[in-house]
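Geometric and topological summary
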Amino acid sequence: MSKQIVVSGIRSTGFLHLGNYFGAIHNYVKMQNDYNCYFFVADYHSLTTHPDPKDLKQHVFRVAAENIASGLDPEKVALYVQSDVPEILELYFLLNTLTYKGELEKVPTFKEKVRSQPENVNAGLLTYPVLMAADILIHRAVKVPVGKDQEQHLEMARNMANRFNNRYGELFPEPYPFNFGSELIKVPSLDGNGKMSKSENINATIYLADDDETIRKKTMKAKSGLSPEQPNSSMTDDIQNLFSLMRLMTDEIIVAQYEAAYADCSIRFGDMKKQLAEDMIRFVAPIRERAADLQKDEVRLQRILKEGAEKARASASETLKATRKLIGINYY
Ligand code: ADP
Ligand code: TRP
């Protein structure tokens, strides 16, 4: 039986962090043996916020290196840069004709950008979910490993697939978000203000490039409040966040000990944060070192990305040919 097709992308907008790892990359690595995987650096998506041209290459190469350092094997998957696959942009235009201004204006991530960068509400931002749908549908993917924040974008991609199929004929399967756990996840920031992120909450996000001391400092500053006074009292959001992080990073038995200590009020949050920091360091340090080595070997990264683009273009051009034919763009 042929393997199911998987697509996912990460924008080259900064340093990767534990949210990217647990929401996305951890799943990529687990899927790479059993699925036909296309993973890419979403450099076009990053242009909607106007990065400095001199930073672009470094950002793209770092995201690729951090993916590989986290366990992604470029021999097993197609690892490529979005802008190396021009077929995506053609499908993007075709899908734009099936998407309505009103529905794009309602997307929460767009509304958030309108609030945060009112001086730059460009059409690329408005049509961001259409480009994302093109990224996915160009390989006719069925599974998309992403964090919880991408759920709505996936719903839009399914709508576009169905609209196309109803109008022109069956071509695209419906893509669904995917996580190996039963639910999509959101890794919280250490200060309890939303999620870990490449560009926001920088002091409360643990990056895969952070050195040991930075991880310790950021973790010890995490809000925890006072120890509980009543046995079995409910947890504040800050404490819940710390436990969520601990469940990702720390041995189950030790987590259970801290949970029990919370329940009987003997917990010391300083000790808990120290434990969490050391576990994060143990996790991040080897990835950071492998990623740094890889970034020094530009020739190797270039070769990997070029080979990835070839694999991706082979699949993309087949889909595009079928798409054009159904639409009626076959004149000769
Ligand atoms: P960021 O939001 O940090 O700029 P991206 O938007 O490029 O990162 O996201 C790349 C992938 O990482 C997506 O699948 C996204 O859902 C996931 N992701 C980002 N932040 C988190 C988080 N804090 N928790 C879980 N998944 C996340
Ligand atoms: N929009 C995604 C994010 O911000 C990144 C992305 C772009 C993506 N194209 C994609 C994710 C296709 C999955 C599939 O995180």
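Before going into details, it helps to say that this report is about the structure given with it. (Residues numbered from 1 in each chain as written. Chains lettered and ligands numbered in written order. Predicted model: local features only at pLDDT ≥ 70, side-chain atom pairs only at ≥ 80, totals over all residues. Heavy atoms only, no water.)

This structure, assessed with the given rule, holds 13 aromatic pairs. When the centroid spacing of 4.0 Å and the interplanar angle of 10° are considered together, the rings of Tyr28 and Phe39 count as stacked. One end of the pair, Tyr28, is in helix α1 (residues 18–31); the other, Phe39, is in strand β2 (residues 36–42), and eleven residues separate them in sequence. The same class applies to Tyr28 and to Phe39, which are both buried. Aromatic side chains Phe40 and Tyr80 sit 5.5 Å apart centroid to centroid with 25° between the ring planes, which places their arrangement in the stacked category. Residue Phe40 is found in strand β2, and its partner Tyr80 is found in strand β3 (residues 78–81); the two are separated by 40 residues along the sequence. An aromatic cluster is defined as three or more aromatic residues linked by ring pairs; in this entry it consists of Tyr21, Phe22 and Phe283. (Phe/Tyr/Trp six-rings, centres within 6.5 Å; stacked < 30°, edge-to-face > 60°. Helix = DSSP H or I, 4+ residues; strand = E, 2+ residues; numbered from the N terminus. Buried < 20%, exposed > 50% of the residue type's maximum accessible area, 1.4 Å probe, protein only.)

The next thing to look at is the site of ligand 2. Near ligand 2, the surroundings consist of Ser8, Gly9, Arg11, Phe40, His45, Tyr128, Met132, Asp135, Ile136, Val144, Val146 and Gln150. The side chain of Tyr128 places a nitrogen or oxygen atom 2.7 Å from a nitrogen atom of ligand 2. In this structure, Asp135 approaches ligand 2 through a side-chain N or O atom, which is 2.7 Å from a nitrogen atom. In isolation ligand 2 exposes 360 Å². Once the protein is present, 91% of that is buried. (Near = heavy atom within 4 Å. Polar contact = N/O pair within 3.5 Å; in protein donor to acceptor, adjacent residues only side chain to side chain. Areas by Shrake-Rupley, 256 points an atom, 1.4 Å probe, with all protein chains shown as cover.)

Glancing now at the side chain of Gln117. Residue placement: Gln117 occurs in the loop between α6 (108–116) and α7 (123–126). A relative accessible area of 10% places Gln117 in the buried class. For Gln117, the residues in contact, after removing those within four places along its chain, are Thr48, Thr49 and Leu125. (Contact = heavy atoms within 4.5 Å.)

We now examine the site of ligand 1. By nearness alone, 19 residues border ligand 1, and His17, Asp149, Val187, Lys195 and Lys198 come closest of all. Between ligand 1 and His17 there is a distance of 2.7 Å, counted from an oxygen atom to a side-chain nitrogen or oxygen. Between ligand 1 and Lys195 there is a distance of 2.7 Å, counted from an oxygen atom to a side-chain nitrogen or oxygen. Protein contact buries 96% of the 530 Å² of open area that ligand 1 shows by itself. When contributions to the shell around ligand 1 are tallied by element, the ones reaching two or more residues are β1 (5–11) and α1. Counting residues per element, the shell around ligand 1 draws most heavily on α1, which supplies four residues. Partitioned by chemical class, the residues of the shell around ligand 1 number six nonpolar, eight polar and five charged. (Nonpolar A, V, L, I, M, F, W, Y, C, P; charged D, E, K, R; others polar.)

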